[in-house]
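Residues per chain, in single letters:
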Amino acid sequence: MAQATAEKTTGSINTPPKTESDFNRSGIAGVSKGLMAVLDRVRKVARSDSSVLITGESGTGKELIARAIHKNSARKDSPMVVINCGAIPSELLESELFGHEKGAFTGAHRARTGRFEIADKGTIFLDEIGDMSPDLQVKLLRALQERRFERVGGSQTIAVDIRVISATNKNLTAAIEDNKFREDLYYRLNVIPINILPLRERPEDIIPLVDHFQSGFAQRNSEYTPKAFPDSVKQVLETYDWPGNIRELENLVERLSVLVEEETVSITDLPSCMSGAGTDVTPVCVAGVFQNNIGFNEAVESYQRSLITYALNKTGWVKAKAAEMLKMNRTTLIEKIKKMDIEPEDEMPVF
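Residues numbered from 1 in each chain as written. Predicted model: local features only at pLDDT ≥ 70, side-chain atom pairs only at ≥ 80, totals over all residues. Heavy atoms only, no water.

When you look at a negative patch on the surface in this model, what are you seeing that I'm missing?
Together, Glu177, Asp178, Asp341 and Glu343 make up a region of like negative charge exposed at the surface. Relative to the elements of secondary structure, Asp178 occurs in the loop between helix 6 (172-177) and helix 7 (183-189). (Patch = residues over 30% accessible without salt bridge, like charges linked within 9 Å, V, L, I, M, F, W, Y side chains within 5 Å. Areas by Shrake-Rupley, 256 points an atom, 1.4 Å probe, with all protein chains shown as cover. Salt bridge = Lys/Arg side-chain N within 4 Å of Asp/Glu carboxyl O. Lys, Arg positive; Asp, Glu negative; His and termini not counted. Charge placed at Lys NZ, Arg CZ, Asp CG, Glu CD. Helix = DSSP H or I, 4+ residues; strand = E, 2+ residues; numbered from the N terminus.)

Here you go:
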């Protein structure tokens, strides 16, 4: 399947990092307090085989965090296998995960090794785990509990030694309440939680990311050199809503690198949806929502979350004052905070 990939990493010592100088950021750029906290958590997690659940909106860098955990672990010389559970039809996902025997179903002309077997001694990253069907969740839970499974159509039990990292952009707590996600599987996956902040809530990371993406693009394309971003342009970027998060920023940097012929980027070079981003009211780029394949409900929920988080942080997490600022009932605000799993930044390290 095109959505599943395996990566071999290299390293001279098969031990996790103990100091900052040994730590592999795995392409992660930024300076925010949340990023520093989560990288410290990654460093600690890398020493163990504990399961990790990474949550956050689409495009926030969940796979980068997963790769950082793997590359700083004792498993770094073994494969990291990535599989997008939301991109593969549910009837094929079981075979993709566990493999199948010849003749197990129509079209199974030969036996196939599953991703769990490929990841033996390494790490398996289950992206978009919230999209997995309830029936397959049961089989996944058993495989995670026992580290044993059978191929589709087979009877031989296969044992594996793997580290499991999963990620989702969905609210799994709400999914559990709606009987769409198993509570026992959630607790099996969510041993170490890492929540990734959307880019609009950590503007101090935007310019370091711009520099990072420019440098990477210039290295891949020698005919292009990094552009200068004046303060006026930086202000627009730092106050824009970024519905597509880091992925949208990376695409913008590449677009500017190719299309801007001058050495300095100007505001007129930016997309029209950013033209009002330097004002007191930050516009939501409707085009960006569709360009980044974000659905209506997800876009609305993410914007609500940003408004609530901003008001809470602005009022020192005094809910009555935040509700007044948002012009909503205090009990309604508390319900939304609970439903969206919004927590103070110092209680839950975020990226």
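Would you mind showing me how to read the pairing of strand 6 (residues 123-127) here?
A regular strand carries its side chains on alternate faces of the sheet. With 5 of 5 residues buried, strand 6 lies mostly within the body of the structure. Residues of strand 6 alternate between two faces, with Thr123, Phe125 and Asp127 on one and Ile124 and Leu126 on the opposite face, all of them buried. For strand 3 (residues 80-84) and strand 6, the ladder comprises 5 bridges, and the chain directions are parallel. If you follow Ile83 over to strand 6, its bridge partner there is Leu126. Sheet topology note: the strand 6/strand 9 (residues 163-168) ladder contains 4 bridges and is parallel. Opposite Ile124, over in strand 9, you have Val164 as the bridge partner. (Buried < 20%, exposed > 50% of the residue type's maximum accessible area, 1.4 Å probe, protein only. Pairing = 2+ DSSP bridges.)

How should I be thinking about the packing of helix 3 (residues 90-98) against helix 5 (residues 134-146) in this particular structure?
Each pair of packed helices can be described by the angle between their axes along with the distance between the axes. Viewed as axis vectors pointing N to C, helix 3 and helix 5 meet at an angle of 15°, and their least axial separation amounts to 11 Å. As far as their axial angle goes, helix 5 and helix 3 are roughly parallel. Helix 3 and helix 5 meet at a crossing whose hand is left-handed. Of the residues in helix 5, those touching helix 3 at Leu93, Glu94, Leu97 and Phe98 are Leu136, Lys139, Leu140 and Ala143. Here the residues of the contact of helix 3 with helix 5 are counted per class, giving 6 nonpolar, no polar and 2 charged. (Axes fitted to C-alpha atoms, helices over the stretch in contact; angles between N-to-C directions. Parallel < 35°, antiparallel > 145°, perpendicular 65-115°, else oblique. Left-handed = near helix turned anticlockwise from the far one by under 90°. Contact = heavy atoms within 4.5 Å. Nonpolar A, V, L, I, M, F, W, Y, C, P; charged D, E, K, R; others polar.)

Quick question: what am I supposed to make of the nonpolar core here?
Here is a general trend for soluble globular proteins: nonpolar side chains tend to be buried in one another's company. Residues Leu97, Phe116, Leu126, Ile129 and Phe181 are the most contacted members of the largest nonpolar core, which totals 31 residues. Those elements giving two or more residues to this core turn out to be strand 3, helix 3, strand 6, helix 5, helix 6 and helix 7. Here the element with the most residues in this core is helix 5; it accounts for 5 residues. Those residues in contact with Leu126 that sit more than four places away from it in its chain are Ile83, Cys85, Leu97, Leu140, Val164, Ile165, Ser166 and Ala167. Counting 22 residues, the second-largest nonpolar core is a separate cluster that includes Phe213, Ile246, Leu249 and Val265. (Core = buried A, V, L, I, M, F, W, Y, C linked by side-chain atoms within 4.5 Å.)

Got a minute to help me understand helix 3 in this structure?
Counting along an α-helix, one turn takes 3.6 residues, and residues three or four places apart therefore face a common direction. Every buried residue belonging to helix 3 is among Leu93, Ser95, Glu96, Leu97 and Phe98, and all of these are buried. Note on helix 3: the residue one or two positions beyond its end, Gly99, has a positive phi of about 85°.

I would appreciate a short explanation of the pattern of salt bridges in the present structure.
Side-chain pairs of opposite charge can arise whenever the charged atoms involved come near each other. This model, assessed by the stated rule, comprises 16 salt bridges. The partner of Arg142 in a salt bridge is Glu146, and the shortest N-O contact between them spans 3.8 Å. Residue Arg142 and its partner Glu146 are both found in helix 5; the two are separated by 4 residues, about one turn of the helix. Residue Glu146 is classed as partly exposed on the basis of its relative accessible area of 42%. A salt bridge links Arg202 to Asp205; the shortest N-O distance between them is 3.0 Å. Overall, the relative accessible area of 2% leaves Arg202 in the buried class. With relative accessibility at 0%, the residue Asp205 sits in the buried group.

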